[in-house]
Amino acid sequence: MYYKSRKLAAARKRMKEELVALGWTEHECRYKANGTFDIRVEYKTPHIDNNFFWFENCLKKINTGEAYWALESYALQLEHLAWRCNDDNPNNHNYLDTLDAFELARRMILRGIDFNYYAGSEDEIPEDEEPEDYSGHINIIDWEHPERNTFEFAQGWHGGLNDGFGWDFVLFVNAIPVGAIILEADEEPDSDGKPVGPTLEKVMPCQKALDVAQLHLDCDFQFPVYCHALILSNGKQILNGDPWMELDEFTPISSLSEALQPLVFLENRIRHIEEVEEKD
C-alpha cells in the first residue's frame, strides 16, 4: 500500500474486516508510512517493538513461575537479533547475517529460551535453595495451548524505503511480526495489449505484489528475521506462501480464512518450521 493511494481500498477494507472476524485484534501502528523522507527509516520497519512492554506483556500471558520474571531480560535475546543484523551501525560489534538470525529466531520461536542465572558465574547456588529456582524455560509461543497466544495485526507499517510504501497488514503473534499481507494491482498492458515492464513476458497475477514485497524485504535488516508468511493479493486472487518463494510456488486460496484462522495459522507455522528443522 502506498501513501494516499486509493487503489484496492475496498479489497483492503474487506481483508481488515475478515481478519477481525477471524479473531485477530488491531494494534496501533507506531511506524506508519506517511510519505515523508525519514533518515532513520531502516529502524522503523516491522520488528519486535517492545515499547510500552508490548512483547513482554504478551509473553507474561503464557509463562508462569520464575520464567515469568526471567523473560524480562532473557527474552530480549529474540528482540536483539534484528538489531545485530544492521552492519551500518558502528555500535554493532557482534554482526549477524540475516539468514543466520532468521534461523536463530525460528529455533527460539519453536523451542523457547532456556535461562540459568548462574550460567557462566563463579558463584554457586546457596545450599538451602533449589536449582530450579534459578533456571528454567521461557515459552515464546504457547504451542500446547495455542489459544493463549496473542494474535494482532497492524496496518500500514513502514517499508524499508522512503517511497511511501507501508505493508498493508503485518501479522503479529505475541508481538513478533511473523507475516504480512500485501495488496498491489497487477501491471496493466499497454494500448496494444502488450505487457509493460522490463521484460516482454506475460504479467502473472500477483507478480507486482510479490516484487514490491521482496524489494522491501531486500533492503530491510529487521523484518526478514521474523517473517515466516506472506499473503499476496491483486484485489481478486489471493496467494499464500513464504517471503522468498517464486510466484509459482505460492498456493492460491479463496479467502483469508483458509490460511489465517489464528490456530490454523499457528499449526501451519509449526509444520513448516518443523519441516525446515528436519532438513537442517
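To be clear, the structure that these remarks concern was listed above.
Summarised in this report is the structure supplied together with it. (Residues numbered from 1 in each chain as written. Predicted model: local features only at pLDDT ≥ 70, side-chain atom pairs only at ≥ 80, totals over all residues. Heavy atoms only, no water.)

## A short note on the overall build of the protein
Phase 1 of the analysis: Looking only at helices and strands, the protein has nine helices and nine strands in total.
Phase 2 of the analysis: Looking at the protein as a whole, 47% of its 280 residues are labelled buried.
Phase 3 of the analysis: The long-range fraction of contacts in the protein, counting pairs at least 24 apart against all pairs at least 6 apart in sequence, stands at 66%.
Phase 4 of the analysis: Put simply, the protein shows about 14,900 Å² of open surface, and 48% of that area lies on carbon and sulfur atoms. (Helix = DSSP H or I, 4+ residues; strand = E, 2+ residues; numbered from the N terminus. Buried < 20%, exposed > 50% of the residue type's maximum accessible area, 1.4 Å probe, protein only. Contact = heavy atoms within 4.5 Å. Areas by Shrake-Rupley, 256 points an atom, 1.4 Å probe, with all protein chains shown as cover.)

## Overview of unusual backbone geometry
Phase 1 of the analysis: Backbone geometry at Phe 53 places phi at a positive 60 degrees, although glycine is not the residue there.
Phase 2 of the analysis: Structurally, the position occupied by Phe 53 is in the loop between strand E1 (25-26) and helix H2 (54-60).

## Examining the packing of aromatic side chains
Phase 1 of the analysis: A full pass over the atoms with the stated rule returns 14 aromatic pairs.
Phase 2 of the analysis: Considering the side-chain rings of Tyr 68 and Trp 69, the 4.8 Å spacing of their centres and the 75 degrees angle between planes classify their relative orientation as edge-to-face.
Phase 3 of the analysis: Between the aromatic rings of Trp 157 and Phe 172, the centroid separation amounts to 5.5 Å while the plane-to-plane angle is 50 degrees, which identifies the pairing as tilted. Taken as a pair, Trp 157 in strand E4 (residues 151-158) and Phe 172 in strand E5 (residues 166-173) lie far apart in primary sequence, 15 residues in all. For the pair shown, Trp 157 and Phe 172 are each scored as buried.
Phase 4 of the analysis: Here a set of aromatic residues connected by ring pairs shows up, and it is made of Tyr 2, Phe 165, Trp 167 and Phe 223.
Phase 5 of the analysis: For Arg 40, the ring lying beneath its charged end belongs to Tyr 43, and the centroid distance is 4.6 Å. (Phe/Tyr/Trp six-rings, centres within 6.5 Å; stacked < 30°, edge-to-face > 60°. Lys NZ or Arg CZ within 6 Å of the ring centre and 35° of its normal.)

## Description of the sheet that holds strand E6 (residues 176-183)
Phase 1 of the analysis: The seven strands lie next to each other as E1-E4-E5-E6-E7-E8-E9, forming an open sheet whose pairing is mixed. The sheet terminates laterally at E1 and strand E9 (251-253), the two strands that pair on one side only.
Phase 2 of the analysis: As paired elements, strand E8 (residues 238-241) and E9 share three bridges and run antiparallel to each other. When the sheet's bridge partners are listed, Asn 240 is paired in E9 with Thr 251.
Phase 3 of the analysis: Contacting E1, E4, E5, E6, strand E7 (229-233) and E8, helix H1 (residues 9-22) runs over the sheet at an angle of about 10 degrees to E5. (Pairing = 2+ DSSP bridges. Axes fitted to C-alpha atoms, helices over the stretch in contact; angles between N-to-C directions.)

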